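Each chain, letter by letter, is given below.
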Amino acid sequence: MSLLEPNERDIKKLHYDAEMSCPKWNNNRPSRDFRRSLYLYEAQRYSEKAEFKEKILEYQKLHAECVDVDEGKFCYKLFDTYLWPYSDPEFIDWEYTSKDTLVYDQSHCVVKEDTSYVASKIAQITGAWPHKTDLDYIGPEDYGDFLAESGFKEITARPNDNGYYVGINLDIGKNGMIVWYEGTVKDKKTVIISTYLNRSYMIKAYRPELFSWIKIK
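This one's a predicted model, so the numbers in the text were calculated from it and none came from an experiment.

**Focus on the overall build of the chain**
Per the secondary structure count, the chain includes 5 helices and 7 strands. Element order for the chain, N to C, with α for helix and β for strand: α-α-α-β-α-α-β-β-β-β-β-β. Here the C-alpha radius of gyration of the chain, 17 Å, is about what a compact globule of 217 residues would show, namely 17 Å. Principal axes of the C-alpha set define a box for the chain whose edges measure 55 × 35 × 30 Å. Here the chain, with 217 residues, has 50% of them falling under the buried criterion. Sequence separation of 24 or more characterises 64% of the internal contacts of the chain that already satisfy a separation of 6 or more.

Structure below.
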């Protein structure tokens, strides 16, 4: 569910624009680029809404408090701020079976994957999306270089209290995992992260040493 409940007609239109941005369903390159620009524009416009900005400020306050929490609570008050329409369940209902079916965000990360979710979080905190690369597909193995190209080069052994960090683990799951640091459990043995898994928002606790951490702010 989107934070601000956009009109259902809007999401159906943007879903179609996303479909027509893919080579599998549209073999006209200028038309694909135009369709992509339509949903990118609406996502950007949504990010500039006063109501959404208030939600980001609310999230930042919760993020700052998500330190020294009891084990098992995992900062349950946090909520998904992944940008609409990407977060909407009605946006893109097909499986990514090939590169011809991929839908990209402003950073050219694939929408509804952990890479795009984290790029969206970076944009919310810094005011700018990470730079695009020449890669057709940005996977977890590319994410360190992807962030470095945007100036995020500081690597640390573990996140520090209520700062903003990206975690990279290439051994979790089939292709690895990109996560967003949310807080630290009281015993300091685990950290709380958020990410997107199977197209859904997820909060979980991990040992910090399982990830390489890059400081964002």
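Alright, that's what it looks like, and here's the rest.
**Quick word on the state of the cysteines**
The final tally for this structure, using the stated rule, is 1 disulfide. The disulfide that involves Cys 66 links it to Cys 75, with 1.3 Å between the sulfurs. Across the S-S bond of Cys 66 and Cys 75 the torsion is about 100°, and the bridge reads as right-handed. Assessed through its relative accessible area of 1%, Cys 66 is described here as buried. Residue Cys 75 is classed as buried on the basis of its relative accessible area, which comes to 9%.

**Examining the nonpolar core**
By size, the foremost hydrophobic cluster in this structure holds 49 residues, and its most contacted members are Tyr 86, Phe 91, Val 103, Tyr 143, Val 166 and Trp 180. Of all elements in the fold, only helix H1 (8–19), helix H2 (29–47), helix H3 (50–65), helix H4 (114–126), helix H5 (143–148), strand E3 (165–169), strand E4 (177–185) and strand E5 (191–197) reach the threshold of two or more residues within this core. The greatest single-element share of this core, amounting to 6 residues, is contributed by H4. Membership of the second largest hydrophobic core comes to 11 residues, among which are Met 177, Val 179, Ile 193 and Trp 213.

What counts, and at which threshold
- Residues numbered from 1 in each chain as written.
- Predicted model: local features only at pLDDT ≥ 70, side-chain atom pairs only at ≥ 80, totals over all residues.
- Heavy atoms only, no water.
- Helix = DSSP H or I, 4+ residues; strand = E, 2+ residues; numbered from the N terminus.
- Rg over C-alpha atoms; globule rule 2.2 N^0.38 Å.
- Buried < 20%, exposed > 50% of the residue type's maximum accessible area, 1.4 Å probe, protein only.
- Contact = heavy atoms within 4.5 Å.
- Disulfide = S-S within 2.5 Å.
- Core = buried A, V, L, I, M, F, W, Y, C linked by side-chain atoms within 4.5 Å.

By themselves, these observations are geometric and do not establish any function.
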